[in-house]
Amino acid sequence: MKRVAVLTSGGDAPGMNAAIRSVVRCGVSKGWDMYGVRKGYAGLISGNIQQLGTRDVGGILNKGGTILGSARCEEFKTEEGRLKAIRGLSQMGIDALVVIGGNGSQTGSYLLSELGFPVVGIASTIDNDLTGTEMTIGVDTALNIALEAIDRLKVTASSHQRAFLIEVMGRKCGYIALMAGIAGGAEYILLPEVETDPEEVAESLRLAYEHGKAHAIIVVAEGAKYNAEALTNYFEKHKDRLGFKIRATILGHVQRGGDPGAFDRILASRFGNGAIEAIDRGEFGVLVGLNKGKITTTPLKDIVGGTKQISQEMVELARKLD
Ligand code: F6P
């Protein structure tokens, strides 16, 4: 019989609860004892760990956030902090740990596994910036939240013949901006990965106004050089020739707070099972992900420090559709 702990770390993502539920229930179905760690790596260091049974994870499949809580933990970034965490896990007789989280969290799980502790990562972040998986838990729901906001803003933009700048999350990766921009019919999309001249954006606004468009939508990733604030400042200086009046909306954490949609619930359930099967095979130091429709494992050492590249095909498609 094994003892396996699970934690959620970094920014929360819709579907994390579905992943916790799946890890616990798939582990219990193998006859293992399952444990939940509160508040991410901080709880690992302080020993905030409790046993979880099947009923403890009931009623959470459809809920956003994470019942275990999450945190970004500075102490865990030190080797001393990580060794303390391992000592705590060993004292409780825990054989393996499942880490549900994004890029920073999986760097943490890699460092733990380098110290010899058996860890399996589950890819979860609304940014979809992790390599080793085509989709992460949470991105589909966050994208749909951003899209709903864009659709609503388009309605009011049309009533007033305005242009809206809509800033979505994504510090290093423009996945949400690009996909929300394509699905929301944006006139322009600004990404961290693509250098954009604000003059080009201003010119496209001017042309759209001249052609009599009722509205213009510009989707901006928070990590783009010209984010909503920078672009607003630029447009302010050129407002006489833009035609449209401009308004900016920053969606921020609204995108993280939703209840997970079907895609994220199913993906999270599959990832949870994938993590338990990897542990059963004795396969550690890996990230569970989705590739070509299949649940896969990729060594954590191959994914740490990397950021998924944006699809050039999608960037070109966006240009054709604007
Ligand atoms: O990593 C997910 C994410 O939501 C990013 O898109 C965003 O830049 C960041 O987290 C915000 O972090 P915090 O919640 O700590 O402000």
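Residues numbered from 1 in each chain as written. Predicted model: local features only at pLDDT ≥ 70, side-chain atom pairs only at ≥ 80, totals over all residues. Heavy atoms only, no water.

Can you help me understand the sheet that holds strand 2 (residues 33-37) in this one?
What the 7 strands build is an open sheet, ordered 3-2-1-4-5-10-11; its pairing is mixed. In this open sheet, the two edge strands, each paired with only one partner strand, are strand 3 (49-52) and strand 11 (294-299). Mean inter-strand twist for the sheet, computed between neighbouring axes without regard to direction, equals 30 degrees. As judged from the 3 bridges shared by strand 5 (residues 119-123) and strand 10 (residues 286-291), these two strands associate in the parallel manner. When the sheet's bridge partners are listed, isoleucine 122 is paired in strand 10 with valine 288. (Pairing = 2+ DSSP bridges. Helix = DSSP H or I, 4+ residues; strand = E, 2+ residues; numbered from the N terminus. Axes fitted to C-alpha atoms, helices over the stretch in contact; angles between N-to-C directions.)

How do you make sense of the layout of surface pockets when you look at a structure like this?
The method is simple in principle: a probe with the dimensions of a water molecule rolls over the atoms, and the space it marks as empty is what remains. The space that makes up the largest pocket amounts to roughly 780 Å³. Lining the largest pocket are 31 residues; nearest its centre among them are Arg72, Asn103, Gly104, Ser105 and Arg171. With 6 residues, the top contributor of residues to the lining of the largest pocket is helix 4 (residues 103-114). Across the lining of the largest pocket, the residue classes tally to 7 nonpolar, 14 polar and 10 charged. Each of domain 1 (3-138 + 260-302) and domain 2 (142-256) contributes no fewer than three residues to the lining of the largest pocket. In this model, the second largest pocket occupies a volume close to 320 Å³. Here the element with the most residues in the lining of the second largest pocket is helix 11 (residues 312-321); it accounts for 4 residues. (1 Å grid on protein atoms, 1.4 Å probe; cavity = no way out; pocket = protein on both sides within 12 Å on 5 of 7 lines; lining within 4 Å. Points joined across faces, edges and corners; volume = space filled by probe spheres on them. Nonpolar A, V, L, I, M, F, W, Y, C, P; charged D, E, K, R; others polar. Domains from an automatic or database assignment.)

Before we go on, may I ask you to explain the sheet that holds strand 7 (residues 188-190) in this structure?
Through backbone hydrogen bonds, the strands of a sheet pair up, either in parallel or in antiparallel fashion. One open sheet holds the 4 strands; their spatial order is 7-8-6-9, and the pairing between them is parallel. Edge positions in the sheet fall to strand 7 and strand 9 (245-250), since each of these pairs with one other strand and no more. Direction aside, the axes of adjacent strands within the sheet are offset by 15 degrees on average. By the bridge criterion, 6 bridges tie strand 6 (residues 162-168) to strand 8 (residues 216-221) in an arrangement that is parallel. Looking across to strand 8, one finds that phenylalanine 164 is bridged to isoleucine 217.

Which parts of the structure should I look at to understand the pattern of salt bridges?
Scanning the model with the defined rule gives 14 salt bridges in all. For lysine 213, the salt bridge is made with glutamate 187, and the minimal N-O distance between the two is 2.3 Å. Of the two residues, lysine 213 is situated in the loop between helix 7 (198-210) and strand 8 and glutamate 187 in the loop between helix 6 (175-183) and strand 7; the sequence distance between them amounts to 26 residues. Of the charged contacts in the structure, one is a salt bridge between glutamate 199 and arginine 241, with a shortest N-O distance of 2.8 Å. With glutamate 199 in helix 7 and arginine 241 in the loop between helix 8 (228-237) and strand 9, the pair connects residues that are 42 residues apart, well separated along the chain. Since its relative accessible area comes to 32%, arginine 241 is described here as partly exposed. Among the charged side chains, a network of salt bridges with common partners joins Lys30, Glu277 and Asp280. (Salt bridge = Lys/Arg side-chain N within 4 Å of Asp/Glu carboxyl O. Buried < 20%, exposed > 50% of the residue type's maximum accessible area, 1.4 Å probe, protein only.)

How should I be thinking about the domain arrangement of the chain in this particular structure?
According to the domain assignment, the chain contains domain 1 (3-138 + 260-302) and domain 2 (142-256). In this structure, domain 1 and domain 2 have C-alpha centres spaced 35 Å apart. The interface is formed by 10 residues belonging to domain 1 together with 9 residues belonging to domain 2. Note on domain 1 versus domain 2: buried area summed over both sides is about 850 Å², and carbon and sulfur give 52% of it. Counting the surface domain 1 buries against domain 2, the share from its top three residues, Asp12, Ile126 and Asp127, is 51%. (Contact = heavy atoms within 4.5 Å. Buried area = accessible area lost by both parts, 1.4 Å probe.)

Mind showing me how you'd approach helix 4 here?
In an α-helix there are 3.6 residues to a turn, and that puts residues three or four apart on one side. Between the first and last C-alpha of helix 4 there are 16 Å, a value that for 12 residues agrees with the 16 Å anticipated at 1.5 Å per step. Every buried residue of helix 4 is listed here: Asn103, Ser105, Gln106, Gly108, Ser109, Tyr110, Leu112 and Ser113. Contacts made by the buried residues of helix 4 are with helix 2 (40-46), helix 3 (79-91), strand 4 (96-101), strand 5, strand 10 and helix 10 (300-303). One or two positions beyond helix 4, positive phi appears at glycine 116, with a value near 100 degrees. (Expected span 1.5 Å × (residues − 1).)

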